[in-house]
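Breakdown of the fold
For reference, the chains in residue letters:
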Amino acid sequence: MAITSELASLREFTTREHPVVSLYLDVNGARFPRKGDYETEYSFLVHDARRTAADTLHLSKDQEERLDLELQAIGEFLALEYRREGSKGLVIFSCRNEDLWEVMPLKIPVENRLLVDSKPRLAPLAETLSRHSRFCVLLASKEAARIFEAYAGELTEQTDLFDNILKRHTQGGWEQAKLQRRHEIQVHNHLKRAAEAALSFVQERSLERLAAGISSEELWPELDKVLHPYLKERLAGRFNLEISAGSKDILERVDVLDAEIRHQAEIRLLDSLGPELEAGKNYVGGPDDVLAVLNERRVELLIVENGFSVSGRMCNSCGTIAFSEETCPGCRLDMQPVADIVEEAREQALRQDAALLTVAAGHPAMKQAGGIAARLRY
Ligand SMILES: [Zn+2]
């Protein structure tokens, strides 16, 4: 997906000279029916971001002016150019003095945030995207089939696939079929072709999950017979839906499956976390230990309890982060205070190719972990 490669290239962007603004704006029409509604939200965010920048970033006069221009330019873009066109979230990364101006409309909601730093703050976007599975959606009736790719609220129908794969098969089997179960065999062959098309699509695109929609319940045993084991393993669920269903209905069904997958994965992870922390082999917990393994670039997954935030310190020379140490163990320089070291840890984890996960507050394992835990690569 295009947005994933944009994320990868943004990870490389950093500057010392100019403030980089990262805006996450909830533009969901259900919550903010009018354009003015989310513009007002933006002005609140600007107000808070200016105050936070003044308190914690120690910007020079020059940098403060640049920040003002940056925020003003985003405001003008929202007022004059931006159209929602069905998006629920909007992400903007901006540092125009360094030619950075990236606008990303999303079909999934984001939480309002405006962050100012020397680099684009990508962790919220990366985590939001990683929470969604890539789906192949197979819709089938007795006579027709449609295949889609669904990811993060976007749905793309694969019409080419049908022209190339499904229509290439001749209507073979007619002669035998004529004998008696002509219609059943025809349906069976049709579903078999549809399942084969879905299989090659899933493999070609490395899709993680299959969602199957059927027009009537009685088709399920038939489809079950022809689904390749590779697809059955990836089957997230099935639902009844007309073959002519519109994208809104299809996405609603996929959303339910997607949320369930996320929920189950989180439960499994949290249930195993307590014993894992006690075993002390694959996981570490608590700010001190987690920041230490991040500095060693050993983190595979960073887990943070929702709302958990602590201040800490960072070495501006080598980027080492710590919860309480005052001198960088590598450079012997003074570590500078950072208001929210958890967010900085998440950015560093992302740039080390670690996965990010925010979990609901209140699970005993996260309490045991002290709000933050990491699964180690080795
Ligand atoms: Zn250092």
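In what follows, the accompanying structure is described. What you see is a predicted model; the values in this text were computed from it and never measured.

**A word on the overall build of the chain**
The number of helices and strands found in the chain is 13 helices and 16 strands. A burial count over the chain gives 32% of its 378 residues as buried. Look at the contacts in the chain between residues 6 or more apart in sequence, and 72% of them connect residues 24 or more apart.

**Focus: the pairing of strand β1 (residues 20–26)**
Among the seven residues that make up β1, six are buried, leaving the element largely enclosed by the rest of the structure. Alignment of β1 against strand β2 (residues 89–95), held across six bridges, turns out to be antiparallel. Bridged to tyrosine 24 within β2 is valine 91.

**Things to note about the packing of helix α11 (residues 287–295) against helix α12 (residues 341–351)**
At their nearest, the axes of α11 and α12 sit 10 Å apart, and the two run at 30 degrees to each other. Relative to α12, α11 is oriented so that their crossing is left-handed. Note on element contacts: α12 touches α11 through Ala345, Gln348 and Ala349, opposite Val290, Leu291 and Leu294. Its residues assigned to classes, the contact of α11 with α12 comprises five nonpolar, one polar and no charged.

**Notes on the sheet that holds strand β16 (residues 372–376)**
The strand order β10-β16-β11-β15 describes an open sheet built from four strands, whose pairing is mixed. Of all strands in the sheet, those with a lone pairing partner are β10 (283–285) and β15 (355–359), marking the two edges. The mean angle between the axes of side-by-side strands here comes to 20 degrees, regardless of whether they run parallel or antiparallel. Sheet analysis places strand β11 (residues 299–305) next to β16, joined by five bridges and oriented antiparallel. Directly across from valine 299, in β16, lies its bridge partner leucine 376.

What counts, and at which threshold
Residues numbered from 1 in each chain as written. Predicted model: local features only at pLDDT ≥ 70, side-chain atom pairs only at ≥ 80, totals over all residues. Helix = DSSP H or I, 4+ residues; strand = E, 2+ residues; numbered from the N terminus. Buried ≥ 20, exposed ≤ 12 C-beta atoms within 10 Å, placed from the backbone. Contact = placed C-beta atoms within 7 Å. Pairing = 2+ DSSP bridges. Axes fitted to C-alpha atoms, helices over the stretch in contact; angles between N-to-C directions. Left-handed = near helix turned anticlockwise from the far one by under 90°. Nonpolar A, V, L, I, M, F, W, Y, C, P; charged D, E, K, R; others polar.

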